Every structure is written in structure tokens, then in C-alpha cells.
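Structural features, examined
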Amino acid sequence: MQTRHKSVELGEYGIRVNCISPHAIAIPLFQKTLGVFDKKGEEVIAVSAVLKGAILEPEDFANAALYLASDEAKYLNGVNLAIDGGYSLSNQSWKMGLSVLSE
């Protein structure tokens, strides 16, 4: 909601406000939080993902940010760009991802 409110407030000055909502990325901080290392973090994410066969990487997040900052997105304002492979549509699968940790 903050994004939409700020986009309206700052839009009159030509300032666009958007946000990016990513699914989990298997970076060291994420893995440390879960207490898993190596490929186990990616397994947790893959099992809980709606879109199978792809893993979200830091570069994907960076590309989304570059797109929103580009002239190609000049008329996007107040957008929440979900780069989550459809996870936000149905997030019940996170329980399956956590079950991987107990294996």
C-alpha cells in the first residue's frame, strides 16, 4: 500500500514509485537464516515454488530493478512487480519446502 500512496503523492512531481516483491533467493543470508547450506537452500525454494524448473537468482531481481528504472517503464507508477514465479497467487506450498529441511 505504501508504494501506491507514494506513487500518487510523488507522481505530480514526475517521480515514479514502484516496488519489487521477489520470491526467496538462495543467497548466503537466506541459507544462514534457515540453517542450510550448499544446494539445500535451493531445494527448499524449488519444492515450494509454483513455477517449476526455474530458480530465482539475484540477477533476476537486478534485471527487474533495471527495467523499472528504464525508459521502457516510463509510464509504470504504483506497481508491485512480483518476480515470484506465481508464488503470490497461491503460497500454500511453503510447507512442502520446509519439509525438505527435516530430511
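Residues numbered from 1 in each chain as written. Predicted model: local features only at pLDDT ≥ 70, side-chain atom pairs only at ≥ 80, totals over all residues. Heavy atoms only, no water.

Focus on the overall build of the protein chain
As a reminder, the rule being used: The way it works is that DSSP assigns letters per residue, a run of H or I at least four long becomes a helix, a run of E at least two long becomes a strand, and they are numbered from the N terminus. Three labels apply to residues, based on accessible area from a 1.4 Å probe with only protein chains included: buried if under 20% of the type maximum, exposed if over 50%, partly exposed otherwise in between. Contacts were defined at the residue level, with two residues in contact if any of their heavy atoms lie within 4.5 Å. Here, Shrake-Rupley sampling with a 1.4 Å probe gives the accessible areas, and only protein chains in the shown set may cover a residue.
Along its length, the protein chain carries five helices and two strands. Reading the secondary structure of the protein chain in the N-to-C direction produces α-β-α-α-α-β-α. Counting over 103 residues, the protein chain shows a buried share of 25%. The contacts in the protein chain between residues at least 6 apart in sequence include a share of 70% that link residues at least 24 apart. Of the roughly 7,100 Å² of accessible surface on the protein chain, 59% is carried by carbon and sulfur atoms.

Structural notes on the nonpolar core
Here is the rule we go by: Definition used in this section: a nonpolar core is a set of buried Ala, Val, Leu, Ile, Met, Phe, Trp, Tyr and Cys residues joined via side-chain atoms within 4.5 Å.
In this structure, Ile20, Ile25, Leu56, Ala64, Leu68 and Ile83 together form the largest nonpolar core, which totals six residues. Once residues lying within four places of it in the same chain are set aside, the contact partners of alanine 64 are Ile20, Leu81 and Ile83.

Digging into the side chain of serine 7
Following the sequence through the fold, serine 7 ends up in helix α1 (residues 2-11). Sequence-distant contacts of serine 7, defined by excluding residues within four places in its chain, comprise Val17, Asn77 and Gly78.

Re the layout of surface pockets
Stated formally: In this analysis a 1.4 Å probe is tested at points of a 1 Å grid over the protein atoms alone, and where it fits but cannot get out there is a cavity; an open set with protein on both sides within 12 Å along at least five of seven lines is a pocket; lining residues have an atom within 4 Å of a point. Grid points are joined across faces, edges and corners, and a volume is the space filled by probe spheres set on the points. Residues are grouped as follows: Ala, Val, Leu, Ile, Met, Phe, Trp, Tyr, Cys and Pro are nonpolar; Asp, Glu, Lys and Arg are charged; all remaining types, including Gly, are polar.
In this structure, the largest pocket occupies an estimated 170 Å³ of space. Lining the largest pocket are His23, Ile45, Ala49, Val50, Leu51, Ala54, Ile55, Leu56, Asp60, Ile83, Asp84 and Gly85. Taken together, the residues of the lining of the largest pocket break down into eight nonpolar, two polar and two charged.

Overview of the confidence of the model for the protein chain
Just so we agree on the cut-off: One number per residue, pLDDT, summarises how confident the predictor is, and it ranges from 0 to 100.
Of the residues in the protein chain, 86% reach a pLDDT of 70 or more, and the chain-wide mean stands at 84. The lowest-confidence element of the protein chain is helix α5 (residues 94-101), averaging 57 in pLDDT; the highest-confidence one is α1, averaging 96.

Quick word on the environment of glycine 41
Take glycine 41: it is sitting in helix α3 (residues 40-48). Glycine 41 sits ten residues away from glutamine 31 along the chain, and the two C-alpha atoms are 5.6 Å apart. The residues touching glycine 41, leaving out its near neighbours within four places in the chain, are Ala26, Phe30, Gln31 and Val36.

Some thoughts on the pattern of salt bridges
Quick note on the threshold: Whenever Lys or Arg places a side-chain nitrogen within 4 Å of a carboxyl oxygen from Asp or Glu, that contact is recorded as a salt bridge.
Here the structure, examined in full by the defined rule, presents one salt bridge. The partner of glutamate 9 in a salt bridge is lysine 6, and the shortest N-O contact between them spans 3.5 Å. Taken as a pair, glutamate 9 and lysine 6 lie in helix α1 at a separation of three residues, close to a single helical turn.

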